[in-house]
2 protein chains.
Amino acid sequence: MLIDGGQMTSNKPSFTILGTGALGGFYGSRLLLGGAEVRFIANSDVEHIRDHGLRVDSPLGDRHHFPIAVYRDSDPVPASDVVCVALKTTQNHRLIELLKPLVHEGTVILNFQNGLTMEDELAAAFPEASIIAGLCFLCSNKVGPGHIVHLDSGLVSLASYDERGQAWIERLMDAFSAGGVQVETLPSLLKARWRKLAWNIPFNGLSVLLGVDTDGIMADAHARGLAKQLMEEVAVGAAACGVPFEAGFMEHLLDITRKMPTYAPSMRVDYLAKRELEIEFMYERPLREAAKQGARLSAVEAIARQLRYVDGLNRTVHHLGLS
Amino acid sequence: MLIDGGQMTSNKPSFTILGTGALGGFYGSRLLLGGAEVRFIANSDVEHIRDHGLRVDSPLGDRHHFPIAVYRDSDPVPASDVVCVALKTTQNHRLIELLKPLVHEGTVILNFQNGLTMEDELAAAFPEASIIAGLCFLCSNKVGPGHIVHLDSGLVSLASYDERGQAWIERLMDAFSAGGVQVETLPSLLKARWRKLAWNIPFNGLSVLLGVDTDGIMADAHARGLAKQLMEEVAVGAAACGVPFEAGFMEHLLDITRKMPTYAPSMRVDYLAKRELEIEFMYERPLREAAKQGARLSAVEAIARQLRYVDGLNRTVHHLGLS
């Protein structure tokens, strides 16, 4: 495909980042560095970011963005071409309301969330928008107000929800690439989401239930066997939904995980911070979609129920331990 | 069936109790009270029991047996008609060796253990013996050396492994009844064992993994839902093995459990005492038997793997908590 780089510069899309956390803060910073106009929406950190700017420490170089265009979610925000959804799915009960003032005819909604079926709801609520999923492979933490520490990776896999989004893919790739972010495009959104679940379902849930990072799971034969069992059930779900994994994909994922440095999956980070866990979109929605196609993922179901239990306990009382 | 009570008295069987813990201590005490000759085999408590006797506190009356016939497992023990296996299945790697000096032509091996397939191994190792299972519904704890506290229940369900044991069932029922123990006979050993697993598999495992007693499981919709999911898988296993549960059986078990006072299943007691958990015979053997019949119990399999993980951790390091 021929890309006219000169035109691209003058035609750079503008972005609104909904959620200035570990993920939104990192990608917003990179888009700014690539020369895009970027508006940030923050919640509790908004005054700190307005007064002190956004800090992103990264192996790519430490950056401090100040002054910076930051808004509360109740503020009027200038229209952007692209609205990036960088809130956790636990906020999705209010996502449509938050997006309403930000989405106009032709707006691109770029959804960075983990899970399944989020784009269906966005497409139903915003028929005037183009919906694109941005699957993030990012290791990044918010360590303080307006302060993000990027540790590793950062790949964004873009997949359009339907034909309309296709026209935007190249422009988005350019905007991310300009900021030094590795970016790729995937032909099937559904396949991309199930492939990501193949890692997320075993490693997020088990990191919480077993109380360990990924290396702790991979180092124990029983924990590793359970991760593999869960991954195999995700493969059954993906196949039932018409997007089977290719041969060797799961072995590849396990191999990557074995070679990773110690890593706390996002659900473990949330658990330790006593935040609500992303159980609905990462577990219950995939279970529901598989069930619609006649596939029951029993072990995943068992893990989801345990996660619901520990999540409830974690956010109500100080839980003293396994026993 | 006509029972000649007079003859029974003169024909009372003698017992050796292999394992003088919460279970063996209680039933041995009741058999003594019923007038039977009873020999106890103990391990670490043997000297204490020899010097101070066996105490059993119970709603049925507090008892102190002294002097008492107690032996180390390495001592020569006079031959008894019945050898009661009251060791946990975690000791089964040495069970055959322990039984060898105790079993003679015609000895009855009465197996009190939880799980599945133990009788197959006993029958293979001791073709000269009659094998009978005694499924115990007992709430009892060992609180100190030679000191048992019986809290509730005590029903023994007897089921013979094969035809040979049948001749002994009535005599065993009389011996237990004489000691005030409620006793019944069941026609199918395999069915009795699967029915017991229907409770043990969900409530033992979840009490460890969720860190609560039975009431904590029943009080939470997700934990209760998971218990029900596991019980339904046990039903699939039982049906695959040719002993399907009757309609309403699982609802009955859940109803009983809901009405129980707070109760710590034996696996939770073992976990808290940092003892090895009975995972092989309570989980892995049933999984294997179901698999032989083509049934995969995926959620039970997931729970078994988690139990293996936490059991390993529990017995190697001081585990600080869920996270």
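Quick caveat, the model's predicted, so the values are computed rather than measured.

(A) Expanded view of the overall build of chain A. Each helix and strand counted, chain A has 13 helices and ten strands in total. At 19 Å, chain A has a C-alpha radius of gyration in line with the 20 Å of a compact globule built from 323 residues. With respect to the principal axes defined by its C-alpha atoms, chain A has extents near 55 × 45 × 35 Å. Looking at chain A as a whole, 56% of its 323 residues qualify as buried.

(B) Here's a closer look at the relation of the copies chain B and chain A. When chain B is fitted onto chain A, the two copies agree to an RMSD of 0.0 Å after a turn of 180° and an axial shift of 0.0 Å. The superposition of one copy onto the other is thereby described by a two-fold rotation axis. In this assembly, 100% of the residues forming the interface of chain B have copies in chain A that are likewise at the interface, indicating an isologous arrangement.

(C) Representation of the pattern of salt bridges. Residue and element names in this part refer to chain A. Applying the stated criterion across every chain yields a total of 49 salt bridges over all chains. In this structure, the salt-bridge partner of Asp73 is Arg94, at a minimum N-O distance of 3.6 Å. Of this pair, Asp73 sits in the loop between β5 (70–71) and β6 (82–85) while Arg94 sits in the loop between β6 and α4 (95–99), and the two are 21 residues apart along the sequence. Overall, the relative accessible area of 31% leaves Asp73 in the partly exposed class. A salt bridge links Asp255 to Lys259, with the shortest nitrogen-to-oxygen separation between them at 2.8 Å. Taken together, the residues span about one helical turn, with Asp255 and Lys259 both in helix α10 (residues 249–259) at a distance of four residues. Taken together, the shared-partner salt bridges connect Lys88, Asp270, Arg275 and Glu278 into one network.

(D) Focus on the nonpolar core. Trp194 and Tyr283 of chain A together with Trp194 and Tyr283 of chain B are the most contacted members of the largest nonpolar core, which totals 98 residues. Among all residues touching Trp194 of chain A, those that are not within four sequence positions of it are Leu116, Val234, Gly237, Ala238, Cys241, Val243, Phe245, Pro286 and Ala290 of chain A.

(E) Local environment of the packing of aromatic side chains. A full pass over the atoms with the stated rule returns 16 aromatic pairs over all chains. Taking 5.0 Å as the distance between ring centres and 25° as the angle between the ring planes, the aromatic pair formed by Trp199 of chain B and Phe203 of chain B counts as stacked. Of the two residues, Trp199 of chain B and Phe203 of chain B both sit in helix α7 (residues 189–209), four residues apart, roughly one turn of that helix. Exposure class is identical for Trp199 of chain B and Phe203 of chain B. Each is buried. Seen from their ring centres, Trp199 of chain B and Tyr263 of chain B are 6.3 Å apart, and the 50° between their planes marks the pair as tilted. With Trp199 of chain B in helix α7 and Tyr263 of chain B in the loop between α10 (249–259) and α11 (266–272), this pair connects stretches of sequence that are 64 residues apart. Each member of the pair, Trp199 of chain B as well as Tyr263 of chain B, is classed as buried. Put simply, the rings of Phe15, Phe26, Tyr27, Phe112 and Phe176 of chain A pair up and form one aromatic cluster.

(F) Up close: the interface of chain B and chain A. At the interface, 32 residues of chain B touch 32 residues of chain A. Across the chain B/chain A interface, buried area totals approximately 2,700 Å², and carbon plus sulfur atoms make up 63% of it. Where chain B touches chain A, the interface holds zero salt bridges. The interface formed by chain B and chain A includes five residue pairs in polar contact (both at pLDDT 80 or more). Among the elements of the structure, α7, α9 (221–240), α11 and α13 (298–314) of chain B are those that each provide at least two residues to the side of chain B that touches chain A. Broken down by element, the side of chain B that touches chain A gets its largest block of residues, ten residues, from α13 of chain B. For the side of chain B that touches chain A, a count of residues per class yields 15 nonpolar, ten polar and seven charged.

(G) Structural view of the side chain of Glu233 of chain A. Among the structural elements, Glu233 of chain A can be located in helix α9 (residues 221–240). Buried within the structure, Glu233 of chain A lacks any salt-bridge partner; Arg296 of chain B is the closest side chain of opposite charge, at an N-O distance of 6.2 Å. What Glu233 of chain A contacts, discounting residues up to four positions off in sequence, is Leu297, Ser298, Ala299 and Val300 of chain A together with Ser298 of chain B.

(H) Local environment of the environment of Val85 of chain A. Here Val85 of chain A lies in strand β6. Considered as a pair, Val85 of chain A and Gly154 of chain A are 69 residues apart in the sequence and their alpha carbons are 16 Å apart.

(I) Representation of unusual backbone geometry within the structure. Each neighbour pair has its own omega, and for Phe66 of chain A with Pro67 of chain A the value is -5°, a cis peptide bond. Relative to the helices and strands, Pro67 of chain A resides in the loop between β4 (63–65) and β5. Positive phi is not limited to glycine here, since Lys274 of chain A has a value of about 60°. The partly exposed category is assigned to Lys274 of chain A, whose relative accessible area is 38%. Phi angles above zero are rare outside glycine, and Ser153 of chain B is one such case at about 60°. Counting through the fold element by element, Ser153 of chain B comes out in strand β9 (residues 147–160). Its relative accessible area of 47% is what places Ser153 of chain B among the partly exposed residues.

(J) Quick peek at helix α7 (residues 189–209) of chain A. Residues and elements named next belong to chain A. Here α7 spans 29 Å end to end across 21 residues, near enough to the 30 Å set by a 1.5 Å rise per residue. The largest bend along α7 reaches roughly 30° and is located at Asn200, with the proline Pro202 sitting one to four residues downstream. Burial analysis of α7 places 18 of its 21 residues in the buried class, the great majority of the element.

(K) Structural context of the environment of Asp75 of chain A. Residues and elements named next belong to chain A. As for its placement among the helices and strands, Asp75 is situated in the loop between β5 and β6. Assessed through its relative accessible area of 26%, Asp75 is described here as partly exposed. Here the alpha-carbon distance between Asp75 and Met231, two residues 156 residues apart in the chain, equals 43 Å.

(L) Quick peek at the side chain of Gln306 of chain A. Positionally, Gln306 of chain A belongs in helix α13 (residues 298–314). On the basis of relative accessible area, Gln306 of chain A is assigned to the buried category, the value being 2%. Apart from the residues within four sequence positions on either side, Gln306 of chain A is in contact with Leu209 of chain A together with Leu209, Leu210, Leu226, Ile303 and Gln306 of chain B.

(M) The packing of α9 of chain B against α13 of chain B, seen in detail. All names here are of chain B. Remark: α9 packs on α13, axes separated minimally by 8 Å, with the N-to-C direction vectors making an angle of 115°. Residue-level inspection shows Gln229, Leu230 and Glu233 of α9 in contact with α13, the latter providing Ser298, Ala299, Val300 and Ile303. Looking at the contact of α9 with α13 residue by residue, the class counts come to four nonpolar, two polar and one charged.

The rules behind each value
Residues numbered from 1 in each chain as written. Chains lettered and ligands numbered in written order. Predicted model: local features only at pLDDT ≥ 70, side-chain atom pairs only at ≥ 80, totals over all residues. Heavy atoms only, no water. Helix = DSSP H or I, 4+ residues; strand = E, 2+ residues; numbered from the N terminus. Rg over C-alpha atoms; globule rule 2.2 N^0.38 Å. Buried < 20%, exposed > 50% of the residue type's maximum accessible area, 1.4 Å probe, protein only. Least-squares fit on C-alpha atoms with pLDDT ≥ 70 in both. Contact = heavy atoms within 4.5 Å. Salt bridge = Lys/Arg side-chain N within 4 Å of Asp/Glu carboxyl O. Core = buried A, V, L, I, M, F, W, Y, C linked by side-chain atoms within 4.5 Å. Phe/Tyr/Trp six-rings, centres within 6.5 Å; stacked < 30°, edge-to-face > 60°. Buried area = accessible area lost by both parts, 1.4 Å probe. Polar contact = N/O pair within 3.5 Å; in protein donor to acceptor, adjacent residues only side chain to side chain. Nonpolar A, V, L, I, M, F, W, Y, C, P; charged D, E, K, R; others polar. Lys, Arg positive; Asp, Glu negative; His and termini not counted. Expected span 1.5 Å × (residues − 1). Bend = angle between axes of the 7 residues up to and from the residue. Axes fitted to C-alpha atoms, helices over the stretch in contact; angles between N-to-C directions.

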